[in-house]
Amino acid sequence: MKLVLFGATGMVGSRIATEASARGHQVLAVSRSGQSPVPGVTATAADATDPAQVAEVARGADAVASACVPPRDGSDPRGAFLALNEALVAGVRAAGVGRLLVVGGAGGLEVAPGQALSDQPGFPEAYLPEAHAHRDVLAYYRSLDDGLDWTYVSPAAEIAPGTRTGRFRVGGDRFMTDDQGRSFISAEDYAVAFVDELERHEHPRARMSVAY
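A quick note: this is a predicted structure, and the numbers were derived from the prediction, not measured.

It is the contact of helix α1 (residues 11-22) with helix α5 (residues 187-200), at a shortest axis distance of 8 Å, that shows an interaxial angle of 55°. Considering their axes alone, α1 and α5 lie oblique with respect to each other. As for the relative orientation of α1 and α5, their crossing is right-handed in sense. On α5, the residues touching Met 11, Val 12, Arg 15, Ile 16, Glu 19 and Ala 20 of α1 are Ala 187, Glu 188, Tyr 190, Ala 191, Val 192, Phe 194 and Val 195. Taken together, the residues of the contact of α1 with α5 break down into ten nonpolar, no polar and three charged.

Below you can see the structure in the form of structure tokens.
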């Protein structure tokens with residue numbers, strides 16, 4: 001399968017590139033720098049906020065994936081991150097690619113029906129802007145009615161470099177914790193789940209979540 005991966009040089013994107021390439025998929029790693037995050041993976045430079053550039057690099061792909069993150073420059077990231085995803089969708093459509101997988105956030109996961117994690121007392125204030133940006137983006141994908149096959153993949157509340165075990169739980173909209181009440185996933189196992197979804201296509205036009 002040919003996968004065009006935006007945001008490929010970040011913590012999560014580089015691990016998705018590693019996992020997909022190890023399984024024999026043809027990965028085109030896209031970033032503004034044009035650097036390859038993985039030896040042997042082809043890389044190119046393009047701007048995910050430019051639909052024409054997205055279309056140019058995505059044309060001919062079986063699927064496009066985005067591991068782009070909201071801006072972390074101290075400004076409100078909501079408008080910029082939504083615009084990036086709108087540009088990404090426009091470029092994917094123009095390229096004629098029907099499938100898009102998106103690295104999401106955990107803040108919008110539900111601790112109870114209709115109650116998001118990021119709305120709960122004690123949610124770290126520093127992470128609220130990014131959580132709100134991700135929630136806006138998920139709402140945008142859910143509003144699409146043109147048949148674009150998207151999947152939004154939420155990690156656990158904590159995601160960090162770690163070990164690839166291949167053992168984790170996959171859920172939907174509900175926030176998941178382990179027996180000690182911790183919500184965690186290694187970036188390596190998140191990438192396993194992400195590429196599993198690429199191959200198995202079990203969550204079309206839906207959010208899925210991953211945690212231990």
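Spatially, β3-β2-β1-β4-β5-β8-β12-β10 is the arrangement adopted by the eight strands of the open sheet, whose pairing is mixed. The sheet is open, and its two borders are formed by β3 (42-45) and β10 (169-171), each paired with just one other strand. Geometrically, the sheet is characterised by an average inter-axis angle of 20° between neighbouring strands, direction not taken into account. Where β10 lies against strand β12 (residues 206-211), three bridges are found, and the strand directions are antiparallel. Directly across from Val 170, in β12, lies its bridge partner Val 210. Along the sheet face, helix α3 (residues 78-95) touches β1 (2-6), β4 (63-66) and β5 (99-103) and points at about 160° away from the line of β5. Taken strand by strand, α5 contacts β1, β4, β5, β8 (149-154) and β12, and its axis lies near 165° from that of β5.

Here we come to the pattern of salt bridges. Counting across every chain of the model gives 14 salt bridges. A salt bridge links Arg 32 to Asp 47, with the nearest nitrogen and oxygen atoms 3.3 Å apart. Taken together, the positions of Arg 32 in the loop between β2 (26-31) and β3 and Asp 47 in the loop between β3 and α2 (51-58) put the pair 15 residues apart, joining distant regions of the chain. Accessibility expressed as a relative area gives 64% for Arg 32, which makes it exposed. Across the pair Arg 72 and Glu 130 runs a salt bridge, and its minimum N-O distance is 2.9 Å. Residue Arg 72 is located in the loop between β4 and α3, and its partner Glu 130 is located in helix α4 (residues 128-143); the two are separated by 58 residues in the primary sequence. Looking at Arg 72, the relative accessible area reads 63%, which means it is exposed.

Bringing the side chain of Asp 196 into the picture now. The topology assignment puts Asp 196 in helix α5. When sequence neighbours within four positions are dropped, the list of residues in contact with Asp 196 reads Arg 23, Phe 168 and His 201.

Cut-off values and rules
- Residues numbered from 1 in each chain as written.
- Predicted model: local features only at pLDDT ≥ 70, side-chain atom pairs only at ≥ 80, totals over all residues.
- Heavy atoms only, no water.
- Axes fitted to C-alpha atoms, helices over the stretch in contact; angles between N-to-C directions.
- Helix = DSSP H or I, 4+ residues; strand = E, 2+ residues; numbered from the N terminus.
- Parallel < 35°, antiparallel > 145°, perpendicular 65-115°, else oblique.
- Left-handed = near helix turned anticlockwise from the far one by under 90°.
- Contact = heavy atoms within 4.5 Å.
- Nonpolar A, V, L, I, M, F, W, Y, C, P; charged D, E, K, R; others polar.
- Pairing = 2+ DSSP bridges.
- Salt bridge = Lys/Arg side-chain N within 4 Å of Asp/Glu carboxyl O.
- Buried < 20%, exposed > 50% of the residue type's maximum accessible area, 1.4 Å probe, protein only.

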